Structures are given as structure tokens and as C-alpha cells.
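Listed here are the chains, written in short residue letters.
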Amino acid sequence: MDDTLGFYEPARPIRRRRGRVARFAAYRRCDDPLGGRLPAWQAGRVSTSAGVEDGERGGADVEATLAERHLVLGKADESFDETVPVGVVVSQDPAPDTPQKPGTAVNVVVSKGRQPIPVAAVTGKGADEATKILTDAGLKVAQAAQVNSETVPAGAVVKQDPTGGTLFRGDTVTLTVSKGPVLVAVPATVGKQRDEAKAALEAAGFTVAINNVLGGYFGTVRASSPAAGTLVRKGSTITLTIV
């Protein structure tokens, strides 16, 4: 009887080289009036590149299996998939286990694996804005301990890890947020002599300006601006009023 006519039903599994059992069911001739049934390539179950280790090209297994069932490979598309590994059939048309005439074309969609997500550069942006950019892209955000920065304002991102490249959905980008510059309390200088007060301020990291009243005859500090105890940025100028 001509094996290209008539229909087919599942028989024993097909064995590949190295003893692996193919995930396609073998089909044998039968007289089922419903006709041959399409192999059930359930999503994520049938690998089109299972023979890569044997040197086979992706898609070869699918095409060969279809040919054994007197079907042909139609359109083979690729798409990213978060759960189905690279080279594995995601979907097929006609649907699995449906009666088909010999020569029917079967279209398949093969997984390209997880879709890479470019990591946006968010350094210098506000923490809230940076977080939204990254989470909208499908990434998670973690925050490291905040640090002082002389150049990045408080609340903005000082650094990120990773700084670029690509990640996958659900991967984490760690942000370090600035606390702003280091703030130093102005030392108490009122009542001290000019040179002593000036030395104390410079040792604390400040620049000193002198305002002599009546020529600063006595050389005594009458006031400082900002006042003692005020938290100001290191390197700021403190003005001493000398009488």
C-alpha cells in the first residue's frame, strides 16, 4: 500500500544518536478515518536544536520529523520567550494532535530565549526618577547605603551597578544615592584671639575671612558668620569679626 496515502497514529518513540529519545511521537500507518494526527509539540517540550551537541542545526529535528509523517515545515519564526529555552518550539500551527492531510505545512515559532534589556544610565538623576526608568524597563532596583558627594546633590544617584550592558527581566540594578556634601559644624571662636580662631577654622576645613572693626586693635573675635555650631559644607568661608 502506498505509504504516502492514508493516515498515521502514534507508535514507538524515535531514538536519536547517543541513545536520546526524541520528544516527537513516531507515527505508523492506520486506517483511522479521522486521518493522520499532527505530532503534539507542546510549548517548551520539543527542542529544534536538541541535536546541537551532535552537530545538527536548529530546526533539523522538526523538519525531519515532519517529513517522516508526510508533512512539511512551513514558516519558521523566532520570538523571545521568558520561560522557553533557546531553540525550543514555543508554538505551532496547525495545533498539536489535529488530523491533517499529507503534505500539510506546519508553521512553528521557535524561542530565542529571554529578551535582553538594555540597562539605562541613571547616574545623576533623582532616585525616584532613576527607579521608575529601570522598573518600567522590567528590572528591579536595590539601594546601597547612601554616601556623601561633593559633586552630586543630595537625593541623586551617585553610581549604579551595573553601569550599562544588558540584563534580563527581573534582574537587579543597585543604586547608590548621594547624601550631598560632607557638612561640618563651625567651631566656637568668639572670645578667642584672631590667629587662634583662624587656625581652628582652617584645621576644620574652612576658609577664613577677617572683618576688622576699628582696625581690630585688640585682635579678639567678637562674632563669626555663620555662627558656631552651624553645619556648613566643608570649604565654606567663615567670616570673623575682630575688635
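All values reported here derive from a predicted model rather than from experimental measurement.

What counts and what doesn't
Residues numbered from 1 in each chain as written. Predicted model: local features only at pLDDT ≥ 70, side-chain atom pairs only at ≥ 80, totals over all residues. Heavy atoms only, no water. Phe/Tyr/Trp six-rings, centres within 6.5 Å; stacked < 30°, edge-to-face > 60°. Buried < 20%, exposed > 50% of the residue type's maximum accessible area, 1.4 Å probe, protein only. Helix = DSSP H or I, 4+ residues; strand = E, 2+ residues; numbered from the N terminus. Contact = heavy atoms within 4.5 Å. Polar contact = N/O pair within 3.5 Å; in protein donor to acceptor, adjacent residues only side chain to side chain. Core = buried A, V, L, I, M, F, W, Y, C linked by side-chain atoms within 4.5 Å.

## Structural notes on the packing of aromatic side chains
This model, assessed by the stated rule, comprises one aromatic pair. Aromatic side chains Tyr217 and Phe218 sit 5.1 Å apart centroid to centroid with 85° between the ring planes, which places their arrangement in the edge-to-face category. No difference in accessibility class separates Tyr217 from Phe218, as the two residues are exposed.

## Observations regarding the environment of Pro181
Relative to the assigned elements, Pro181 resides in the loop between β12 (172-177) and β13 (183-185). Separated by 51 residues in sequence, Pro181 and Val232 have C-alpha atoms that sit 9.2 Å apart. With residues up to four places along the chain from it excluded, the contact list for Pro181 reads Asn148, Ser149, Glu150 and Arg233.

## Describing the side chain of Ser149
With respect to the helices and strands, Ser149 occurs in the loop between β9 (140-143) and β10 (157-161). At a separation of 2.9 Å, a polar atom in the side chain of Ser149 contacts the main-chain amide nitrogen of Val152. Apart from the residues within four sequence positions on either side, Ser149 is in contact with Val158, Ser178, Gly180 and Pro181.

## A look at the nonpolar core
Membership of the largest hydrophobic core is limited to 12 residues, which are Val184, Val186, Ala197, Leu201, Ala204, Phe206, Val208, Val221, Val232, Ile238, Leu240 and Ile242. Those elements that place two or more of their residues in this core are α3 (194-203) and β17 (237-242). If you tally residues by element for this core, the top one is β17, at three residues. Every residue in contact with Val232, bar those within four places of it in the chain, is listed here: Val182, Leu183, Val184, Val186, Phe206, Pro226 and Ile238. Residues Val119, Ala130, Val157 and Val173 belong to the second largest nonpolar core, which totals 10 residues.

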